[in-house]
Every structure is written in structure tokens, then in C-alpha cells.
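# Structural overview for review
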Amino acid sequence: MIATGQSILGHSVPAHSILIKAAAVPVLVMAGLGLALLLLPAGFPPAVPVAFGAALAAGGALALVRLLRPAAELARAVERLAAGDTAGELPGTGRPDEFGRTARAAAAFRDAIAARRRAEERLSSLAANLPGLVYQRMLHPDGTITYPYFSERLREITGHDPAAVQADPGLVSRIIPADWREAIAKAFARSARTMQTLTLEYEYLNAAGERRWAYGVARPRRLPDGTLLWDALMLDVTERRELERRNAEIERQLAEARRLRAVGTLAGGMAHEINNALLPIFGNAELVLDGLPPDSPDRACLSDILVAAQRVRALIDRLSALEGGETTAQGRVAWPELIRDAVESRRASLPDGVVIDLPPTTGAGVARGDSGQMTQVLSTLLNNAVEALGPGGGRIEVAVTDEILLLPPAPGLPPGAYTRLRVRDAGYGMDTETRQRVFEPFFTTKEVGLGQGLSLSTAYSIVRGQGGTILVDSEPGRGTTMDVLLPTVLQPEPVPSA
């Protein structure tokens, strides 16, 4: 029956196989001879032909029972096997003749198919339950690349159809961004030369076009025809990369906070010593000035000395603020009212082309802190935003939201409820070095004489002293976003009874 040359799986086997036809030949011959003998002319001696015809008929009936019927049953069983039914029984496996050997061979073939199916099911189950997707990459001797296998996890992780990518390897370009294709090709070429396992972290695109991070491992092996086959695993590591980025940023902020604290301590000590040195200057200059007649030309010189000393004292006061120190904020900062007053007071003095947007506040917008000091902080942020826009002007957005932060917003600050004041400008933006030094005392990008580099460092120290922080997000050409985070006032103040 299998001698027909047709495949078992995916093809049906004819009901009258070669074996059945071969078995039918002697039966037909015996029946024909018996019929011929029975129809002999009457002149023949009837005894021999009738007896011989009866013997042939009996032999044909026995052949029908012993050959044709078992062969037909076996043919039907093989047809079921060809249709994919590996659970059915095959008749005649216990017979010692040719039919038995054929039935046993078919049974062994059935068991092999069932075992292969079980192995494929185990492989599919394993691939489906792995944390990443399993795939195969083939480099053929002619240089073409195909992907004979992708697990269904490709659809779950990337949103792409595994069957479509297998059918058209060019669709891999939808998964691998253009800026990563050369690096991945070089990594596979190196693995092909050395026959060593390839490991690589790279970005990929999901079906929505979002860039995510993957970790890939691919082990090569050479097939008999020279084809290189990589058995590979790809894991999505976007969350791990984001956590590492956040940890690195927190470490950077922590180092920056420690450095600023050291600078603040140094500034506080310097301010104390300079203030001590200013005392005799003020005292003696005022004493001499009081003793001079109104028309003395020396009065102008002494007045200049006192003005310069006042400027030094104002600078020392700002340096003293850098010393900061964590304090418990007792007051309340009602950001909506504070922002409205600050913006209205400066609208008339805004340069041409500068527009300030005030989106609706999300939540109450009331934080813990000193309202007067936060007014200074807001004024500093607005001034910097206006300067960042340049002479062409632009838009500045000032928004307030109440948020629950599950991760620490900055070193030393716990997760919890915070009120976020966001001042966003569409200005020049800052490069990485400037962004990392923006709160450093005496650091400024302005020309000499146009800035002391203390405004943002003072604002940062004030906010940190109130139990909050300032976060910066900026890139060249994309503007700057300053976020002031302060603990939220969760309980409104009780209204006093009349």
C-alpha cells in the first residue's frame, strides 16, 4: 500500500492499493477457470469439470476471505493514518504473513508520527512559555538569509505575525530600526567567522512603531550543505534598561546633591568670614561719613564704599542661602494663586512675542512650603524661561498637577504625594554638560558681567530646604522643562467657625 509512492501525511491513499489489486488477480483467475469448467459442453464427462470448478470456486472464496477483506481493512486504516488519525488501530499486525508485516510497518510509521507530534507539542509549549521569543536564522551558501522559525511569542512581544516574517524575510526591516541593522549584521558576520555564540543588546520596533530594547543570544551550527543556522532567543529588556537609566540618574542626582551640599557648606563658612570683614568697613565708613561736612568731596568716595559693601552683603546673603539644610516646611504654597499673581505682574514687561500659557490645574495645587520663598523660585524660573526664548520670543507653559509618585523622585525624597510646578519653554535648550551643571553655584552660560550664576542654585537650595526638588529635562533645540516638586497638602485647612 505504501508502494504507491504517495506521502502518508497530507495525502489520501487510494482504496484499491497495489497490494489489493495484486491479491485480486489469483481470485479472478480461479473464478474464471471455475466458470469455464462449469460451462463446458454436455459431451464432456461432467464429474471432473464440476469437481474442479467447485474446487476453484472454494479457493476463490477462501482467497477473498483471507486476502481481499484484510487488505481492504488495512487500506482503510492507512487512509485514516494519511488523514492524520494516529489513534486508530491497524488490523492484521498479528498475522505472520505479508499482510502482517505490512500492517506492522504501518503501525511503526504511525507510532513515529505520533512521537514526532508529541515532540513538536513539547517544543511549542516550551517556546510559548519562555520569557522571550525563539527563532532560527539561516545563512545559505548563496548569501541569502531566511528565518525558518519564529515562535508565537513574536506576535505577543512585537505585534508582528510570525508566519508573515517567515514567508518574507524582508519584513524583518519592520522590526529592526535602520540605525541598528549594520551593527546586527556585523555581529552575525563575526559569529559566522568564529562560530561563537552571539550576544547583543539592541533596539527593535514593535507593530506600533515604538522603540524598545532587546537582549539576543544566537548560537551557530553548520548544516551538511554548508548552510549556517543560528538557534536564537530574544528577550525584551526595556523595563530593565529603563530601571538602569533611572538608577544612573538617581546616582547622578545624589552625587550632585552631595557636591552642592559641600559647596553650600563652604559658601556658608565664607559668608560668615566675609560678613565679619564687612562689619568694620560699614562701621568706619559710616562713622567717617557722619563726621564730614555736607559739602565735603570725600562724602562721594565714602558713599561709593558703602554701596559696594552693600552689594557684597547682598551677594553673601545669596551665598548663605546655598547652605540650605533640610527643614520642615510649615507653610502652604497655593500655586494657582501664586502663579496668577506672578504672571499678571510681569505681563506688561514681557518682551514682544513671549506668550505665557496657563493650563488648568490638576488637583488643588497646594503644597507644603514657604510661599514667599516659592515666589522667588517661580520668578527665577520664569526669568530663565524668558531668556531661553531669545529675541524671537515663543511660548512658556506654567502648569500645576497633584501626583502620586510610586518611585523616589530624587535622592533623599520618599515616594508619596507631590505637587508639581512645571515651567516649560520652547527655547534653545541645554546640552548634557550644561544640564548637569545648571544648579552649580557661579556656573552661567551668559557673558561675563551679565550674570553671577547664583539664581538657579539658590532656587534649588530653597526647594531642597522645603523638602522638595527641582528636576530638569532639556535638549538642544527642544526647549527646557523645569519641574518643582513639593510635598502635597493632603488635608485642607479647617475653616474657622463664625
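Throughout this description, residue numbers start from 1 for each chain and increase along the sequence as written. Local features in this predicted model are restricted to residues whose pLDDT is 70 or higher, and side-chain atom pairs enter the listing and the counts only when it is 80 or higher, whereas totals over whole chains, interfaces and linings include all residues. As a rule here, side-chain values cover all heavy atoms of the structure and leave hydrogens and water aside.

### Quick word on the packing of helix H10 (residues 371-389) against helix H12 (residues 455-465)
Applied cut-off: Only the stretch in contact is used when fitting a helix axis, every axis being a line fitted to C-alpha atoms; angles between N-to-C directions are given from 0 to 180 degrees. Helix and strand labels come from DSSP, where a helix needs a run of H or I of at least four residues and a strand needs a run of E of at least two; each type is numbered from the N terminus. Less than a right angle of anticlockwise turn of the near helix away from the far helix marks a crossing as left-handed, whereas a clockwise turn marks it as right-handed. Contact between two residues is taken to exist if any of their heavy atoms lie within 4.5 Å; hydrogens are not considered. Classes in brief: Ala, Val, Leu, Ile, Met, Phe, Trp, Tyr, Cys and Pro nonpolar; Asp, Glu, Lys and Arg charged; the others, Gly included, polar.
The contact between H10 and H12 brings their axes to 9 Å, and the two run at 145°. Crossing handedness for the pair H10 and H12: left-handed. Residue-level contacts link Gln373, Met374, Gln376, Val377, Thr380, Leu381 and Asn384 of H10 to Ser455, Leu456, Thr458, Ala459, Ile462 and Val463 of H12. Residue composition of the contact of H10 with H12, grouped by class: 7 nonpolar, 6 polar and no charged.

### Observations regarding the sheet that holds strand E12 (residues 480-487)
Test applied: A pair of strands is considered paired only if DSSP assigns at least 2 bridges between the two.
Judged by pairing direction, the sheet is mixed, and its 5 strands sit side by side in the order E7-E9-E10-E12-E11 without closing on themselves. Bordering the open sheet on either side are strand E7 (354-357) and strand E11 (469-474), each of which pairs with just one other strand. Averaged over all pairs of adjacent strands, the angle between their axes in this sheet comes to 20°, without regard to strand direction. Sheet topology note: the E7/strand E9 (residues 394-405) ladder contains 4 bridges and is parallel. The partner of valine 354 across the bridge, within E9, is glycine 394. Those strands touched by H10 are E7, E9, strand E10 (416-425) and E12, and its axis lies near 35° from that of E10.

### What to know about the pattern of salt bridges
The criterion, for reference: What makes a salt bridge here is a side-chain nitrogen of Lys or Arg within 4 Å of a carboxyl oxygen of Asp or Glu, nothing more.
If you walk through the whole model with that rule in mind, you get 20 salt bridges. Between aspartate 179 and arginine 211 there is a salt bridge, and its shortest N-O distance comes to 2.9 Å. On the criterion of sequence distance, the pair formed by aspartate 179 in helix H6 (residues 178-194) and arginine 211 in strand E4 (residues 211-222) is long-range, its members being 32 residues apart.

### Overview of the confidence of the model for the protein chain
Convention followed: As a per-residue measure, pLDDT tells how confident the predictor is, with possible values from 0 to 100.
Averaged over every residue, the pLDDT of the protein chain is 77; residues scoring 70 or more account for 74%. Within the model, the stretch residues 1-19 combines pLDDT values under 50 with 36 contacts to residues more than four positions away or in other chains.

### Notes on the packing of helix H9 (residues 335-346) against H10
Put simply, the test is: Reported orientations rely on four angle classes, namely roughly parallel under 35 degrees, roughly antiparallel over 145, roughly perpendicular from 65 to 115, and oblique for the rest.
Between H9 and H10, the shortest axis-to-axis distance is 11 Å and the interhelical angle comes to 50°. With respect to their mutual orientation, H9 and H10 come out oblique. Crossing hand, H9 versus H10: right-handed. The residues of H10 that touch H9, namely those facing Trp335, Leu338, Ile339, Ala342 and Arg346, are Ser371, Met374, Thr375, Leu378, Ser379, Leu382 and Asn383.

### Let's talk about the nonpolar core
We count it as follows: Among buried residues, those of type Ala, Val, Leu, Ile, Met, Phe, Trp, Tyr and Cys that are joined through side-chain atoms within 4.5 Å constitute a nonpolar core. Exposure categories follow from relative accessible area, calculated using a 1.4 Å probe and restricted to protein chains: below 20% of the type maximum is buried, above 50% is exposed, and the middle band is partly exposed.
In this structure, Trp335, Met374, Leu378, Ile396, Leu421, Val423 and Val484 are the most contacted members of the largest nonpolar core, which totals 35 residues. For this core, the secondary structure elements donating two or more residues are H9, E7, H10, E9, E10, H12 and E12. Counting 28 residues, the second largest nonpolar core, distinct from the first, contains Ile176, Trp213, Ala214 and Met234.

### Focus on the pairing of E4
Here strand E3 (residues 198-205) pairs with E4 via 8 bridges, running antiparallel. Note that in E4 the partner of glutamate 203 across the bridge is tryptophan 213. Where E3 hands over to E4, the hairpin turn is made up of 5 residues, of which glycine 209 adopts a positive phi near 85°. Bridge analysis of E4 against strand E5 (residues 228-236) gives 9 bridges, and the strand direction is antiparallel. Bridging from a neighbouring strand, arginine 219 pairs with aspartate 231 of E5. Turn length for the E4-E5 hairpin, with the two strands adjacent in sequence and antiparallel, is 5 residues, and the turn residue glycine 226 shows positive phi of about 95°.

### So, the side chain of aspartate 483
To keep things clear, this is the line we draw: Distance and chemistry together define a polar contact, namely a pair of N or O atoms within 3.5 Å, with one atom able to donate a hydrogen and the other to accept it when in protein, and with adjacent residues in sequence counting only for side-chain atoms on both sides.
Residue position: aspartate 483 is located in strand E12. Classification of aspartate 483 by relative accessible area gives buried; the value is 6%. A polar contact of 2.7 Å, which involves the side chain of aspartate 483, links it to the side chain of arginine 422. Leave out the neighbours within four places in its chain, and aspartate 483 touches Arg420, Leu421, Arg422, Thr469, Ile470 and Leu471.

### Here's the deal with the sheet that holds strand E1 (residues 133-139)
If you trace the 5 strands from one edge of the open sheet to the other, you get E2-E1-E5-E4-E3, paired in antiparallel fashion. For this open sheet the edge positions go to strand E2 (145-150) and E3, each flanked by a neighbour on one side alone. Shown here is a sheet whose adjacent strand axes are inclined to one another by a mean of 30°, direction ignored. Sitting on the sheet, H6 touches E1, E3, E4 and E5, and the angle it makes with E3 is about 160°.

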